[in-house]
Amino acid sequence: MKKIIMFLLALALLIPACAMAEGSVELISVEEGLGGFVTVEFNNPLGNTSTIIWAQEDYLNTGSTLYADQVSGESSYTILNMVPGETYMVGVMNDFDTSTVDLGMYSQPVPGEFEDYGLRLYDVNLAYFRPDSVQGDYRYNYATDLTASKIEDMLDDNRFVIKVDFRHNVYSDDITCIALTVVKSPTGHMTAENALMTIHEDSNGFWQVMADMNESFEQMIEKTGSIPSGKYEVAVYVDGELLDTDTFTVK
């Protein structure tokens, strides 16, 4: 399915839009909502199952992550992981008519700086664990000493994550916010993952979220033949505003 979508996206960039088949979905609008979320509105006259597709504008050159999700009988969809300040291709198609993609462009606003809850970014690390070995607590191993080729060898049996640690001064009431972790590789591949973060007053000033990296690493291998070594840039957004940036290195 993903390879079909990749082909359709490429085709949509190269040829003019064709007349819509009867009953096909039609993109109406793409608009920013609360917390940096983006709402896609589209006509779906027959109430069919539709596929929503989104990727960064330079996706075909950088190999940044292509996202796709299916909805049944709906005429709107909320995208949770668009990177602030980036431009995206957004498409919608009916599953019964995959030859037609209605494609549009959308630019996320440039974010301001996040200032709330006394929240600050403390540390960012690439970590991993074996899913079948986790019982109760997650026991992570840090990937500090792993080479790119070693990570490739371990992908099938291990889950790799970006472990983002925060410090905060929430000591009276719990707070809930959206944390978006954006990772950019040395070759420009970019991926983003969001997490609903509820910080509890009894968490002693510490909190963390994780962003999965397995699919992103696999797409890098598919695009360039290997996981690139070097410095990876990480940006963390909270409720659509930039909290801070950090880096980690793959040898």
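Refer to the preceding data block for the structure.
Report on the accompanying structure. (Residues numbered from 1 in each chain as written. Predicted model: local features only at pLDDT ≥ 70, side-chain atom pairs only at ≥ 80, totals over all residues. Heavy atoms only, no water.)

Counting 35 residues, the largest nonpolar core has Leu126, Ile151, Phe160, Ile162, Phe166, Phe217 and Phe248 as the members making the most contacts within it. Other than its neighbours up to four places away in sequence, Ile162 contacts Val124, Asn125, Leu126, Thr181, Val183, Val209, Met210, Ala211, Met213 and Phe248. The next biggest cluster of nonpolar side chains, apart from the first, holds 24 residues, and it includes Val30, Val71, Val90 and Met190. (Core = buried A, V, L, I, M, F, W, Y, C linked by side-chain atoms within 4.5 Å. Buried < 20%, exposed > 50% of the residue type's maximum accessible area, 1.4 Å probe, protein only. Contact = heavy atoms within 4.5 Å.)

What follows deals with the sheet that holds strand β9 (residues 141–142). One open sheet accounts for four strands, arranged β9-β8-β10-β13; its pairing is antiparallel. The sheet is open, and its two borders are formed by β9 and β13 (206–212), each paired with just one other strand. Relative to β13, strand β10 (residues 159–167) runs antiparallel, the two being bridged by seven bridges. For Arg167, the partnering residue across the bridge sits in β13 and is Phe206. Each of β8 (120–129), β10 and β13 touches helix α4 (residues 214–224); the most contacted strand, β10, lies at about 125 degrees to it. (Pairing = 2+ DSSP bridges. Helix = DSSP H or I, 4+ residues; strand = E, 2+ residues; numbered from the N terminus. Axes fitted to C-alpha atoms, helices over the stretch in contact; angles between N-to-C directions.)

This brings us to the packing of aromatic side chains. The tally for this structure, following the rule as stated, stands at six aromatic pairs. Measuring from centroid to centroid gives 5.6 Å for Trp54 and Tyr67, while their planes differ by 15 degrees, and the two rings are stacked. Of this pair, Trp54 sits in strand β3 (residues 49–56) while Tyr67 sits in strand β4 (residues 67–72), and the two are 13 residues apart along the sequence. A residue is classified by how much of its surface remains accessible, and Tyr67, at 16% relative accessible area, is buried. Centroid distance Phe129 to Tyr140: 5.2 Å. Interplanar angle 90 degrees. Geometry classified as edge-to-face. Taken together, the residues span a long stretch of sequence, with Phe129 in strand β8 and Tyr140 in the loop between β8 and β9 at a distance of 11 residues. The class of Phe129 is buried, set by a relative accessible area of 5%. Classification of Tyr140 as buried rests on a relative accessible area of 17%. Three or more aromatic residues link up through ring pairs in this structure, and these residues are Trp54, Tyr67 and Tyr77. (Phe/Tyr/Trp six-rings, centres within 6.5 Å; stacked < 30°, edge-to-face > 60°.)

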